[in-house]
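Here's the letter readout for the chains.
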Amino acid sequence: MTDLPTSFPPRIAPVTFSAAQVVTMSDAELDALPFGVICLDPNGKVLRYNLAEARLARLDRAQVVGKNFFRRVAPCTATPDFEGRVRAFFAGNQPLDRFGYLFDFKFGAQKVDIELVRVPANDRVYLLVNRLQFELPRTGLPEGFAAPLQAELAPGEAGLGVARDASARRVLTLDTNFLTALHQTWLKVAPKAWRGFTREWGWQWGRHAVVELEADLLEEKTLTLRELPMREAMTRVSHWATTRGLGTLRFDFTASKHGVFAVLFERSAVGEAVGHADAPSCGLVEGLLEAVCEHLAHRLLAVREVRCCAQGFDACTFVVASDKRAPVVESAIKAGAETVEAIVEALRASP
Amino acid sequence: VPAPEIPQLLEGVPDEARLVADFFADFDWEGTTLDPEAQSAEDFLRALGD
């Protein structure tokens, strides 16, 4: 049996963003952005459509990519002020253009700021969509002007086994056998890689989760998560987990004067699916929380599980610390530390 | 001989001095004080000590 790597290359710390960067970004990188990105060819066909845009337009990109943006996806943009501006941009040679617009959806209007970014080959254009304000649907619009709902874009999909939530995101209803089967598969093919794999999987999942959390908050308060008080932001993360049946996350900041804080995860679906284990096994949750915290902080952070329900404890306990302190935290856990207090002592004792 | 606890040391000490002692008892000796209720998520997480 050949085992897979137990860890992945270190991540690059989040950096500030410039509009021109989108043209070289991978799909995964575009999906991590908290604002909409749409890539069109000269005829208006959608080539790329990121996660934030799909969430805020309440459309499934699987149904959007390949369709004409102005005619099928967003007829409210088939105007001289929008389509005309995009076509003029294609015909011109300036690298960037920027203008305001009002998107009309049937579920509401959205005041947006549009930034156009040229690709050197001039065979496509990127639209960066920054939502500024959410309003009630406008009345008296011409028939067919507002963007179609997902149900109209893909009629009859419910009969084909497609389920969606209130924001038109496609959802799966799975029992925890799915996680158990995944764990058992990894134990069979790559037992040492389980922790590394799940940490990376959780991190990628967390990058998507924060886009959903940001979109929910933007619609509600026109704020970003990182602007909320820490406890309120974490309460929203906890709500996100609870409503998905993952368990209950509680945040304990009593150790924060030592530069760390704790997260307790009760009834973790991940930990319970693993069954019995001799070591902390919720790498998925570590990665998930790490991605959320890193998004909020614009810096690398480490989330490490100190003890796990799979080891027989009542709840899983995680410590969140600076990434630079991760080696000390990991050494302490390997040496048998099972409490936040023991981790704090190890950090205090380290040079 | 174990060192006396702060409450023992404070017996008979005036209130003003107690306030100073209380402040230092809760003082963050390792860096910036973190407050999850008052600080934004960004500020809080950026202030976690290295």
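Structure: above.
Residues numbered from 1 in each chain as written. Chains lettered and ligands numbered in written order. Predicted model: local features only at pLDDT ≥ 70, side-chain atom pairs only at ≥ 80, totals over all residues. Heavy atoms only, no water.

**Some details on the overall build of chain A**
Here is step 1 of the chain: Secondary structure summary: chain A contains 13 helices and nine strands in total.
Here is step 2 of the chain: On C-alpha atoms alone, chain A measures out to a radius of gyration of 23 Å, which is about the 20 Å that the 2.2 N^0.38 rule sets for 351 residues.
Here is step 3 of the chain: Counting all 351 residues of chain A, 50% fall into the buried class.
Here is step 4 of the chain: When the accessible surface of chain A is split by element, carbon and sulfur atoms take 55% of a total near 16600 Å².
Here is step 5 of the chain: Mean positive and mean negative side-chain charge positions of chain A (41 and 42 charges, respectively) differ by 2 Å. (Helix = DSSP H or I, 4+ residues; strand = E, 2+ residues; numbered from the N terminus. Rg over C-alpha atoms; globule rule 2.2 N^0.38 Å. Buried < 20%, exposed > 50% of the residue type's maximum accessible area, 1.4 Å probe, protein only. Areas by Shrake-Rupley, 256 points an atom, 1.4 Å probe, with all protein chains shown as cover. Lys, Arg positive; Asp, Glu negative; His and termini not counted. Charge placed at Lys NZ, Arg CZ, Asp CG, Glu CD.)

**Comments concerning helix H12 (residues 326-334) of chain A**
Residue and element names in this part refer to chain A.
Here is step 1 of the chain: For H12, the set of buried residues is Ala-326, Val-329, Ala-332 and Ile-333. Considered in projection along H12, the buried side chains sweep an arc of 130 degrees and stay on one side of the axis.
Here is step 2 of the chain: The elements touched by buried residues of H12 are strand S8 (301-307), strand S9 (315-322) and helix H13 (340-349).
Here is step 3 of the chain: Where H12 terminates, the next one or two residues include Gly-336, which has phi positive at roughly 110 degrees. (Arc of directions from axis to C-beta. Contact = heavy atoms within 4.5 Å.)

**Notes on the pattern of salt bridges**
Residue and element names in this part refer to chain A.
Here is step 1 of the chain: Applying the stated criterion across every chain yields a total of 28 salt bridges over all chains.
Here is step 2 of the chain: Residue Glu-272 pairs with Arg-267 through a salt bridge whose shortest N-O separation is 2.6 Å.
Here is step 3 of the chain: Accessibility expressed as a relative area gives 41% for Glu-272, which makes it partly exposed.
Here is step 4 of the chain: Each of Arg-195, Arg-199, Glu-286, Glu-290, Arg-304 and Glu-330 takes part in one network of salt bridges that share partners. (Salt bridge = Lys/Arg side-chain N within 4 Å of Asp/Glu carboxyl O.)

**With respect to the side chain of A:Asp31**
Residues and elements named next belong to chain A.
Here is step 1 of the chain: Inspection of the secondary structure assignment puts Asp-31 in helix H1 (residues 27-31).
Here is step 2 of the chain: Accessibility expressed as a relative area gives 6% for Asp-31, which makes it buried.
Here is step 3 of the chain: A distance of 2.7 Å separates polar atoms of two side chains, one belonging to Asp-31 and the other to Arg-61.
Here is step 4 of the chain: Beyond its immediate sequence surroundings of up to four residues, Asp-31 is in contact with Asn-50, Leu-51, Arg-61, His-208 and Val-211. (Polar contact = N/O pair within 3.5 Å; in protein donor to acceptor, adjacent residues only side chain to side chain.)

**Topic: the sheet that holds strand S2 (residues 46-49) of chain A**
All names here are of chain A.
Here is step 1 of the chain: Within the open sheet, the five strands sit side by side as S2-S1-S5-S4-S3. Their pairing is antiparallel. For this open sheet the edge positions go to S2 and strand S3 (96-105), each flanked by a neighbour on one side alone. Taken pair by pair, the neighbouring strands of this sheet meet at an average axis angle of 25 degrees, ignoring direction.
Here is step 2 of the chain: Of the pairings in the sheet, the one linking strand S1 (residues 36-40) to strand S5 (residues 125-135) comprises five bridges and is antiparallel in character. Pairing of Ile-38 across the sheet is with Leu-127, part of S5.
Here is step 3 of the chain: Those strands touched by helix H5 (residues 83-91) are S1, S3, strand S4 (108-118) and S5, and its axis lies near 5 degrees from that of S4. (Pairing = 2+ DSSP bridges. Axes fitted to C-alpha atoms, helices over the stretch in contact; angles between N-to-C directions.)

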